[in-house]
Amino acid sequence: MDNRVSIVKCDNYSECRRAVDEAIELLGGIRKFIKPGDKVVIKPNYVMKKKPGEAATTHPEFLHAVICAAEEAGGRVTIAESPGGPYNVQALKSVYSECGAYEAVKGTNAVLNTDTSFTEVSYPDGHTVKSIPIINPILDADVIISLPKLKTHAMTAYTGAVKNLFGTIPGTHKAELHFRLNERKAFCSMLVDLYECVKPTLSIMDGIWGMEGNGPTSGKSRHIGLVLAAGNGHALDLAACRIIDYSPDEVETVHEAILRGLCAENADGLDILGEDINNLIIKDFEKPESHFNLLKLVSLPAALNARVVNWLSSRPEMHYDECVGCGECMRCCPPQAIEMRDTKMGRRPFINTEKCIKCFCCQELCPKKAVHIKRPVMNRLMLKFLK
């Protein structure tokens, strides 16, 4: 079990080449991971079309720094991602353009992937899934470098090294997995299966600017000023959660990794290289509206549990003063719980709450941030009381 995580301070993106090199050097240097001639696939976090300044996606200067490090070791670099929504060449080019990928590859030999083929990969060791569709550039790589962003997430509480690998699953297959595994624990167990199946060589986290609140795309940008790196993404996630003041059992992917023996039981068991993690903890890092769950405070008979969970769970809510009626929420909804209706404002989306599985894909992929998270009154009152 590799529990080493390097942490390097970096205040702005103009310094990130130095910080990325230092973080990798603490782990043994880039040539420990890449040999001359290796096909290197770098997997950024390009969840959707977002400008770099919104802190929702891997920053182009950060990506450029990692490309340069990989090429200096002799790697032949491809950038590959399957964003939310359709997985086709037009969609990929649009995401690359908005997220700054074309600027990131300038002055390098790196190429942006436009191959949209994928393969159903057998994974008999999976706890939740035994086969997974994975985009072919990932499968063809000798070395995989994952570039997660340090962010909160409405469904999974936090998104990092493990969650970033969800972008190796092609297009609408993500929606199928959301629909089939519509309970958080099962979905996060699948994410751990996916990580272990893909097994990236190295994970380097863009924690210079992250996102708090209702992430992964609609939260608030937050300056964190850190670059983290690890060969074991589970250990990296455990360290990142410590920094933003999440306990391991609050993040299901981390909790699942600990149960499977894939990383230390807590951050104290990590081998931290570089900065002292105890001096970096952000006590006021804002959690998603969906994070607080009253059910953690009460014990219920099994027969009542499902109904009460539904009653107390946070859910997506449309804000029509911000909505432009583009229909993206309807197209990305895994259970097809959203329909467009004619209103005085034009075509607008409506959520069928009985069909909604609370995956928050609509909130995550809305280009106008018009889908908010509604916390039940009981949860809001209890949280106010606890504060």
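Quick caveat: nothing in here was measured; it's all calculated off a predicted structure. (Residues numbered from 1 in each chain as written. Predicted model: local features only at pLDDT ≥ 70, side-chain atom pairs only at ≥ 80, totals over all residues. Heavy atoms only, no water.)

## Considerations on the overall build of the protein
Here is step 1: Tallying secondary structure elements over the protein gives 14 helices and 16 strands in all.
Here is step 2: The C-alpha atoms of the protein give a radius of gyration of 20 Å, which matches the 21 Å a tight globule of 387 residues would have.
Here is step 3: By its C-alpha atoms, the protein is 55 × 45 × 40 Å across when sized along the principal axes.
Here is step 4: The proportion of buried residues among the 387 residues of the protein is 57%.
Here is step 5: For the protein, the share of sequence-separated contacts (at least 6 apart) that also reach a separation of at least 24 residues comes to 74%.
Here is step 6: When the accessible surface of the protein is summed, it comes to about 16500 Å², and 50% of that surface belongs to carbon and sulfur atoms.
Here is step 7: The centroid of the 47 positive side-chain charges in the protein is displaced by 6 Å from the centroid of its 47 negative side-chain charges. (Helix = DSSP H or I, 4+ residues; strand = E, 2+ residues; numbered from the N terminus. Rg over C-alpha atoms; globule rule 2.2 N^0.38 Å. Buried < 20%, exposed > 50% of the residue type's maximum accessible area, 1.4 Å probe, protein only. Contact = heavy atoms within 4.5 Å. Areas by Shrake-Rupley, 256 points an atom, 1.4 Å probe, with all protein chains shown as cover. Lys, Arg positive; Asp, Glu negative; His and termini not counted. Charge placed at Lys NZ, Arg CZ, Asp CG, Glu CD.)

## Let's talk about the confidence of the model for the protein
Here is step 1: Averaged over every residue, the pLDDT of the protein is 92; the share at 70 or more is 91%.
Here is step 2: Here residues 294-298 is modelled with pLDDT under 50, and outside its nearest four sequence neighbours on either side it reaches 12 contacts, counting other chains as well. (pLDDT = per-residue confidence, 0-100.)

## Comments concerning helix α10 (residues 252-259)
Here is step 1: Among the 8 residues of α10, 6 are classified as buried, and the element is accordingly described as predominantly covered.
Here is step 2: Burial in α10 covers these residues: E252, T253, V254, E256, A257 and I258.
Here is step 3: The elements touched by buried residues of α10 are α6 (161-164), α8 (184-198) and α9 (233-243).

## Thoughts on the packing of α9 against α10
Here is step 1: In the contact formed by α9 and α10, the axes pass within 10 Å of each other and the chain directions differ by 130°. Accordingly, the angle class assigned to the pair α9 and α10 is oblique. For α9 against α10, the interelement crossing comes out left-handed. Residue-level inspection shows H234, D237, L238 and C241 of α9 in contact with α10, the latter providing V254, A257 and I258. (Axes fitted to C-alpha atoms, helices over the stretch in contact; angles between N-to-C directions. Parallel < 35°, antiparallel > 145°, perpendicular 65-115°, else oblique. Left-handed = near helix turned anticlockwise from the far one by under 90°.)

## Digging into the nonpolar core
Here is step 1: I34, I42, F62, I145, I204 and V227 are the most contacted members of the largest nonpolar core, which has 77 residues in total.
Here is step 2: Residue contributions to this core peak at 7 residues, all from helix α2 (residues 60-72).
Here is step 3: When sequence neighbours within four positions are dropped, the list of residues in contact with F62 reads Y13, C16, V20, L147, I204, M205, D206, I208 and V227.
Here is step 4: I7, A157, A239 and A257 belong to the second-largest nonpolar core, a separate cluster that totals 34 residues. (Core = buried A, V, L, I, M, F, W, Y, C linked by side-chain atoms within 4.5 Å.)

## Observations concerning the pattern of salt bridges
Here is step 1: Applying the stated criterion to the full structure yields 21 salt bridges.
Here is step 2: With a closest N to O distance of 2.7 Å, R260 and D193 form a salt bridge. In this pair, R260 sits in the loop between α10 and β12 (271-274) while D193 sits in helix α8, placing the two residues 67 residues apart along the sequence.
Here is step 3: Between E317 and K374 there is a salt bridge whose closest N-O contact spans 3.8 Å. (Salt bridge = Lys/Arg side-chain N within 4 Å of Asp/Glu carboxyl O.)

## Things to note about the pairing of strand β3 (residues 76-79)
Here is step 1: Summarising the sheet, strand β2 (residues 39-44) and β3 pair through 4 bridges and their orientation is parallel. Each bridged residue has a counterpart across the sheet, and for K39 the counterpart in β3 is R76.
Here is step 2: Running through α2, the crossover from β2 to the neighbouring parallel element β3 is right-handed.
Here is step 3: Relative to strand β4 (residues 111-112), β3 runs parallel, the two sharing 2 bridges. The residue of β4 that forms the bridge with T78 is V111. (Pairing = 2+ DSSP bridges. Right-handed = clockwise from strand over helix to strand, strands pointing away.)

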